[in-house]
Amino acid sequence: MITKQLVDQIEGEASIYFDIKDEMVDFATISFPHFRGMESILKGKNALDALVITPRVCGICGHAHLMASVRAIENAYKNAGHKINLNQKIESIREFTLLMEMVQNHLKWIYLTIIPELQKLHPTDRNSKPLKGAFGASLAAKAIATFAGQWPHSSYMIPGGITCDPTNIDVLKAQSYLDELISFFEKESLGISIDDFLAFESCKDFEKMNSDISYLESELIKNDMTHKGHSYDRFIVLGEHSFTKVSKLNQTKAMGADVKYVSESEAYSPNEKTYAINALYKNNFYEAGPLSRCMALSMPIVKNMHRRYKDSAYSRVMARVFELAYLLKKSQSLLKKIDISQSSFVSPENIKNITAEGVGVVEAPRGPLIHKIRINEGIIQEYKIITPTQFNIGSSTQSNPTPAQKAMSGVSIQNALFIFRTFDVCSVCTTH
Amino acid sequence: MNNQVDISFDKLYNEFENRIKSLEKLPALKENTSAEKMLIEKGFSRRDFMKWAGAITAMLALPSNFTPLMADAIKVVDRLPIIWLHMAECTGCSEALLRSAHPTIDSLIFDYISLEYHETLMAAAGWQAEENIEHAMHKYKGQYILMVEGGIPTANNGSFLTIGGHAKKGLDIAKEASENAAAIFAIGTCSAFGGVQAAIPNPTGAVALSEVTHKTVINVPGCPPSEKNIVGTLMYYLLYGSLPALDAYNRPKWAYRLRIHDLCERRGHFDAGEFVENFGDEGAKDGYCLYKVGCKGPYTFNNCSKNKFNEDTSWPVQAGFGCIGCSEPNFWDTMGTVNEPLKDKLYNTTFSGLGADATADKVGLGLLVATGVGLAAHATLSAIKPPKE
């Protein structure tokens, strides 16, 4: 029997069609019933216009789109024989704002999605306090705005650098937003210091805590999420950054990876039209996102979780919490690296003289975001966007399910809906 | 004969008082609680609240003695049910409202009075949310305020956007919801003017909300719009009980009366003929005017230069990236290329044929011509050439 479930609160909405056998999900297909056609809108426009158009693909990870566009254009410059060398200041500020976007996303997801959804599975008296997530996220957004002018939809990165020229006061301002955010997270979410939290080596260490995060952890265990939501146990990280490592992993075995092996396949959604397309690596489905990035880094606590519970819903959720803590620390060190005397911009060749192709890859909150551009004398001939949710969710056949489809099989509908959200679904990105 | 203008605002004050009293008599959306109580529960002090009321009062250009009245108005805000629809969009407008600032009083008030908005904070999800909206449309027929985020795809009979468990077309929902609304606000450039998805070649046939309904739509454009403009539009309606004065594009004049350029922090440099010629040059370091690197501030009507974003943290021009004109209709097609000044392209764009006497009220972008004159007056026009040409 096929049962339809509507999933919203995911930056747009999706429908899941569950095929139920013996009260458990035997197979599920997913549809994303909306489309905007961003790629065809980019065609024929000046390449630099991509910098303001692609962030509008998504209201929550627009900054990642901006950086992917900048990287794609800079890569085209390189392929045209005009390599752009960025200095440390440019790299640090770009990376800092990207991380802050991830931080706001993860915080929001914990407080506005995962904890409330867990409470639907297993109601408790505890107030889910969604505003905590909104408060923390607003501090992160202010830290971004300090350099980028506004969030969402910032447009301060351009090929060759950034448009802002921060003073010491600006850097201090960003520092103070970040410090406030860190102490908020320590006090309100963790109950212990970030350093102590990141020093965890075993899941048993959670027993030391009594806070929102230990509540989340224990509820995941109570709902048996340690034994549900398993996917392929294959992970992919493709964006080059200081905070992770490009790799593909089969279980814990890490190898190098290259974006050239990414391909796409039509989605299988027999019950409703979907505009999503699946993304594969070497023709296989891989899971993308925080769990993959933490595995690529061999983060001790995440490896411990993985040893115990593999790529369960538990590991997927808790890896994101650890990534959040890790990124907050990383952001601090990035700010310290900013030398304001360095230049903000390295003037590149005029875009009108560029005829080339370029690929830009970044790690967005949910995983690798890939932009491909083909430019002829500065004008976009073709633009292609592949988003992380296409890797994780898509929709495929029963014999070759996507990571999310695989993770949802063999559990009840209620559990499957929760597991679906552990991937942090972004619907508007998926179809763009 | 005494034909002195009443500058005491007494009459308006009385009108507002009466309006609030009449709203008070209407049933509240939620029993046993009030907006004020909710705010206190969320940790806002009376002082925060009064500060907020003062800020909104100032924004709507009312005298400061209206502040207590504004605070009273909030107590009856839950007499206005709001239905918030998501159409073809990126959810950036909601994101902006939800956390571009502290969970502000603005965003909380929306959450409190809205029936559909911020599902994230609502208990209902999925089927239940859909039932809520149908129920609300029926129960509050003719009374609710409709706020729509996102453009309306019309190509292939609207099949590029279906919503809800019954896969209804976005187009049909928007039409139906507009029909029975007391007031309609299009939030963000997508619902006000079609937005990014309506840019050439507009693959999904996306149009503005105003094109699918015969009723008056108040446009609150911006990509994203400032939360102050969103909440200000609501408070205006609450206090006056009528629609605000609108410009040619149905934007409230109190927010969209001036150009970005008029109050720009870099305006002094424009007047002095000091321009950033290239990103990263000495002028950029000194905060010179961004016109030559593509700023569309002189052609864009909005109050960003005053309001800024993310709780007054910054705005694009402060970060050295010119205004892209995001609150103007079709700016994606008519104001490109982003990093080039507009002036050389005037007669190749849809602006051609505009009479020099076009005013902001007739056509917002008509002011372009006036700007050209302004530039000439500053003797800078001849100096302005797109960089590297």
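Since the structure is predicted, the reported quantities are computational estimates derived from the model, not experimental observations.

Looking now at the overall build of chain B. The number of helices and strands found in chain B is 17 helices and eight strands. Pairs at least 24 residues apart make up 70% of the contacts formed inside chain B by residues separated by at least 6 positions.

Bringing the overall build of chain A into the picture now. When helices and strands are tallied, chain A shows 15 helices and 14 strands. Computed over the C-alpha atoms, the radius of gyration of chain A is 21 Å, within 12% of the 22 Å expected from 2.2 N^0.38 for a compact globule of 432 residues. Overall, chain A is about 65 × 50 × 35 Å in size when its C-alpha atoms are taken along their principal axes. For chain A, the proportion of its 432 residues judged to be buried stands at 59%. A sequence separation of at least 24 residues applies to 73% of the contacts in chain A between residues at least 6 apart.

Of the residues lining the interface, 58 residues belong to chain B; the matching set on chain A comes to 62 residues. Mapped onto the side of chain B that touches chain A, the elements with two or more residues apiece are α5 (92–99), α7 (127–139), β4 (162–163) and α14 (282–285) of chain B. Counting residues per element, the side of chain B that touches chain A draws most heavily on α5(B), which supplies six residues. Residue composition of the side of chain B that touches chain A, by class: 29 nonpolar, 22 polar and seven charged.

All names here are of chain B. At a closest axis distance of 10 Å, the pairing of helix α1 (residues 10–24) and helix α4 (residues 67–75) adopts a crossing angle of 15°. For the element pair α1 / α4, the angle class is roughly parallel. Classified by chirality, the crossing of α4 by α1 is left-handed. Listed contacts from α4 to Tyr13, Phe16, Glu17 and Ile20 of α1 are Leu69, Asp72 and Ala73. Of the residues contributing to the contact of α1 with α4, the split by class is five nonpolar, no polar and two charged.

What follows is about the sheet that holds strand β6 (residues 183–187) of chain B. Residues and elements named next belong to chain B. Taken together, the four strands give an open sheet; going across it, the order is β1-β2-β6-β8, and neighbouring strands pair in parallel fashion. A strand with exactly one partner marks an edge of an open sheet, and here the two such strands are β1 (82–86) and β8 (218–220). Put simply, the sheet's adjacent strands are angled 20° from each other on average, direction ignored. The pairing of β1 with strand β2 (residues 145–149) spans five bridges and is parallel. Within β2, the residue paired with leucine 85 across the bridge is valine 148. Across the sheet, helix α9 (residues 170–179) touches β1, β2 and β6, and the angle it forms with β1 is around 165°.

Turning to the nonpolar core, a few remarks are in order. In globular proteins that are soluble, nonpolar side chains generally tend to be buried together. One finds Ala50(A) and Ala186(B) to be the most contacted residues of the largest nonpolar core, which totals 239 residues. Broken down by element, this core gets its largest block of residues, 16 residues, from helix α4 (residues 88–121) of chain A. Aside from chain neighbours lying at most four places away, what touches Ala186(B) is Val148(B), Ser191(B), Ala192(B), Ala208(B), Leu209(B), Ser210(B), Val217(B), Ile218(B), Asn219(B) and Val220(B).

It is worth spelling out the sheet that holds strand β12 (residues 356–364) of chain A at this point. Residues and elements named next belong to chain A. One open sheet holds the three strands; their spatial order is β12-β13-β14, and the pairing between them is antiparallel. Every other strand in the sheet has two partners, leaving β12 and β14 (379–386) as the edge strands with one partner each. The mean angle between the axes of side-by-side strands here comes to 15°, regardless of whether they run parallel or antiparallel. The pairing of β12 with strand β13 (residues 367–376) spans nine bridges and is antiparallel. Following the sheet pairing, glutamate 357 is matched in β13 by arginine 374. The strands touched by helix α3 (residues 62–79) within the sheet are β12 and β13, with β12 carrying the most contacts at an inclination of about 145°.

Time to look at the packing of helix α10 (residues 300–309) of chain A against helix α11 (residues 313–336) of chain A. The relative placement of two packed helices comes down to the angle between their axes together with the axis-to-axis distance. Residues and elements named next belong to chain A. Running from N to C, α10 and α11 point in directions that differ by 175°, and their axes come no closer than 10 Å. Viewed along their axes, α10 and α11 adopt a mutual orientation that is roughly antiparallel. Here α10 contributes Ile301, Val302, Met305, His306 and Tyr309 to the contact with α11, which in turn contributes Tyr314, Ser315, Met318, Ala319 and Phe322. Its residues assigned to classes, the contact of α10 with α11 shows eight nonpolar, two polar and no charged.

Residues and elements named next belong to chain B. This prediction gives chain B a mean pLDDT of 80; 77% of its residues lie at or above 70. The low-confidence segment residues 117–125, where pLDDT is below 50, has 22 contacts with residues more than four positions distant or belonging to other chains. Scored below 50 in pLDDT, residues 346–389 makes 55 contacts in the model with residues more than four places away or belonging to other chains. The complex prediction reports pTM at 0.90, with the ipTM value standing at 0.91.

Quick look at the environment of Gly410(A) now. Residue and element names in this part refer to chain A. On the secondary structure map, glycine 410 appears in the loop between α13 (403–408) and α14 (413–422). Sequence separation between glycine 410 and isoleucine 2 is 408 residues, and the spatial gap between their C-alpha atoms is 15 Å. Those residues in contact with glycine 410 that sit more than four places away from it in its chain are Met24 and Val25.

Given 3.6 residues per turn, any residue in an α-helix points the same way as the ones three and four places further on. What α4(B) keeps buried is the set Met70(B), Ala73(B) and Ile74(B). Looking straight down α4(B), one finds its buried side chains confined to an arc of 100°; they lie on one side.

Now for the pairing of strand β2 (residues 14–21) of chain A. Residue and element names in this part refer to chain A. In the sheet, strand β1 (residues 2–7) pairs with β2 via six bridges, with the strands oriented antiparallel. Each bridged residue has a counterpart across the sheet, and for isoleucine 2 the counterpart in β2 is aspartate 19. Taken together, the seven bridges between β2 and strand β3 (residues 24–31) define a ladder with antiparallel strand orientation. Residue tyrosine 17 lies in a different strand from β3, and its bridge partner there is threonine 29.

In the case of a regular strand, side chains alternate between the two sheet surfaces. Residues and elements named next belong to chain A. Judged from the four bridges that link them, strand β6 (residues 234–237) and strand β7 (residues 247–250) form a sheet pairing that is antiparallel. The residue bridging arginine 234 from the neighbouring strand is asparagine 250, located in β7. Across three bridges, β7 lies against strand β8 (residues 253–255) in antiparallel orientation. The residue of β8 that forms the bridge with asparagine 250 is lysine 253. Hairpin remark: β7 followed by β8, antiparallel, with two residues in the connecting loop; positive phi at glutamine 251, about 50°.

Turning next to α9(B). When we look at burial in α9(B), the residues that qualify are Gly170(B), Leu171(B), Ile173(B), Ala174(B), Ala177(B) and Ser178(B). The buried residues of α9(B) all sit within an arc of 165° when viewed along its axis, so they share a single face.

Each neighbour pair has its own omega, and for Trp151(A) with Pro152(A) the value is 0°, a cis peptide bond. At the junction of Cys223(B) and Pro224(B), the peptide bond is cis and its omega measures out at 0° in the coordinates. Mapped onto the elements, Pro224(B) comes out in the loop between β8 and α11 (227–240). With a phi close to 60°, Asn250(B) is a non-glycine residue in the positive phi region. Considering the arrangement of structural elements, one finds Asn250(B) in the loop between α11 and α12 (253–256). On the basis of neighbour counts, which here come to 19 C-beta atoms within 10 Å, the residue Asn250(B) falls in the partly exposed class. You will see that Asp312(B), though not glycine, has its phi angle at about 65°, which is positive.

Conventions we followed
- Residues numbered from 1 in each chain as written.
- Chains lettered and ligands numbered in written order.
- Predicted model: local features only at pLDDT ≥ 70, side-chain atom pairs only at ≥ 80, totals over all residues.
- Helix = DSSP H or I, 4+ residues; strand = E, 2+ residues; numbered from the N terminus.
- Contact = placed C-beta atoms within 7 Å.
- Rg over C-alpha atoms; globule rule 2.2 N^0.38 Å.
- Buried ≥ 20, exposed ≤ 12 C-beta atoms within 10 Å, placed from the backbone.
- Nonpolar A, V, L, I, M, F, W, Y, C, P; charged D, E, K, R; others polar.
- Axes fitted to C-alpha atoms, helices over the stretch in contact; angles between N-to-C directions.
- Parallel < 35°, antiparallel > 145°, perpendicular 65-115°, else oblique.
- Left-handed = near helix turned anticlockwise from the far one by under 90°.
- Pairing = 2+ DSSP bridges.
- Core = buried A, V, L, I, M, F, W, Y, C linked by C-beta atoms within 7 Å.
- pLDDT = per-residue confidence, 0-100.
- Arc of directions from axis to C-beta.

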